[in-house]
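Notes for the structure review
Given next are the chains, with one letter for each unit.
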Amino acid sequence: MSNSPLVSYTKLSPNHSGKRTHAIDTITIHCMAGNCSVETCGQIFASSARQASSNYGVGTDGRVALYVDEANRSWCTSSNANDQRAVTIEVANNGGAPDWPVSDKAYAALLDLVTDICKRNGKKKLLWLGDKNKTLNYSPKSDEMVLTVHRWFANKSCPGDWMYARMGDLASKVTAQLGGSTAQPS
């Protein structure tokens, strides 16, 4: 298993559980709840007292960071089961509550990163089912990846409403870049 070649900054966190116990079939988007650089987010995750991490981070400037090797389970969503199967991504915000928007550069980099993760894991389609129960009860086909969000596993509105409202757009654009069908399962 490899990490994304889009990474321009690496600060490996001690906050992970080692090798995954489930194949990667999920991507979980998380927000930094601030306009943190990839270096600042890396410093936050470098502290073992923090007990949090993600596989990747995307800064407002569009740079991509690696915090936990993709082969390892990060501590991102408050759900062991989700984190075992998900590549987790923290995205910097360039505005505050309640929407927590992200910059155009960060969103473009997120699209590229998610597309790269899908390609390297042999996926042709990214699904946003938009419902926690439906998603968690869905068994992705071998060529599918599903999107989950942190708010489904913790009492947080993460990612913010701006990103949450664009999850369907993210799935459609990534699937189009992968050359897959954008039809969602019923």
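You'll find the structure just up there.
Residues numbered from 1 in each chain as written. Predicted model: local features only at pLDDT ≥ 70, side-chain atom pairs only at ≥ 80, totals over all residues. Heavy atoms only, no water.

**Examining the sheet that holds strand S9 (residues 144-149)**
Read from one edge to the other, the open sheet built from seven strands follows the order S1-S5-S4-S7-S3-S9-S8, with strand pairing classed as mixed. Edge strands, defined here as strands with exactly one partner in the open sheet, are strand S1 (7-10) and strand S8 (125-127). Averaged over neighbouring strand pairs, the angle between their axes works out to 30° when direction is ignored. With three bridges joining them, S1 and strand S5 (residues 64-66) adopt parallel strand pairing. For Val 7, the partnering residue across the bridge sits in S5 and is Val 64. Its contacts with the sheet put helix H6 (residues 167-178) on strand S3 (26-31), S8 and S9, and the angle it makes with S8 is roughly 170°. (Pairing = 2+ DSSP bridges. Helix = DSSP H or I, 4+ residues; strand = E, 2+ residues; numbered from the N terminus. Axes fitted to C-alpha atoms, helices over the stretch in contact; angles between N-to-C directions. Contact = heavy atoms within 4.5 Å.)

**Some details on the state of the cysteines**
Chemically, a disulfide is nothing more than a covalent bond linking the sulfur atoms of two cysteines. Under the definition given, this model contains zero disulfides. Left without a disulfide partner, Cys 158 is nearest to the cysteine sulfur of Cys 31, which lies 3.5 Å away. (Disulfide = S-S within 2.5 Å.)

**A look at the pattern of salt bridges**
Considering all chains together, one arrives at eight salt bridges under this definition. Taking the shortest distance from any N to any O, the salt bridge between Asp 83 and Arg 73 comes out at 3.5 Å. One end of the pair, Asp 83, is in helix H2 (residues 80-85); the other, Arg 73, is in strand S6 (residues 72-74), with 10 residues separating them in the sequence. For the pair shown, Asp 83 and Arg 73 are each scored as buried. When salt bridges with common partners are traced through the structure, they connect Glu 39, Asp 61 and Arg 63 into a single cluster. (Salt bridge = Lys/Arg side-chain N within 4 Å of Asp/Glu carboxyl O. Buried < 20%, exposed > 50% of the residue type's maximum accessible area, 1.4 Å probe, protein only.)

**Focus: helix H3 (residues 104-120)**
What sets the pattern is the α-helix's 3.6 residues per turn: residues three or four places apart point alike. Between the first and last C-alpha of H3 there are 24 Å, a value that for 17 residues agrees with the 24 Å anticipated at 1.5 Å per step. Inspection of H3 places Ala 106, Tyr 107, Ala 109, Leu 110, Leu 111, Leu 113, Val 114, Thr 115, Asp 116, Ile 117 and Cys 118 among the buried residues, and these make up the whole buried set. Backbone geometry just downstream of H3 places Gly 122 in the positive-phi region, at approximately 70°. (Expected span 1.5 Å × (residues − 1).)

**With respect to the packing of H3 against H6**
Packing of H3 against H6 leaves a shortest axis separation of 9 Å and a crossing angle of 55°. When the axes of H3 and H6 are compared, the pair comes out oblique. Judged by the sense of rotation from one axis to the other, the crossing of H3 with H6 is right-handed. On H6, the residues that touch Tyr 107, Leu 110, Leu 111, Asp 112, Val 114, Thr 115, Cys 118 and Lys 119 of H3 are Asp 169, Leu 170, Lys 173, Val 174, Gln 177 and Leu 178. Its residues assigned to classes, the contact of H3 with H6 shows eight nonpolar, two polar and four charged. (Parallel < 35°, antiparallel > 145°, perpendicular 65-115°, else oblique. Left-handed = near helix turned anticlockwise from the far one by under 90°. Nonpolar A, V, L, I, M, F, W, Y, C, P; charged D, E, K, R; others polar.)

**Considerations on the pairing of S9**
Extensive coverage of S9 is indicated by the burial of six of its six residues. Relative to S9, S3 runs parallel, the two being bridged by four bridges. Bridged to Ile 27 within S9 is Leu 147. Inspection of the sheet shows S8 paired to S9 by three bridges, in the parallel sense. Residue Leu 126 lies in a different strand from S9, and its bridge partner there is Met 145.

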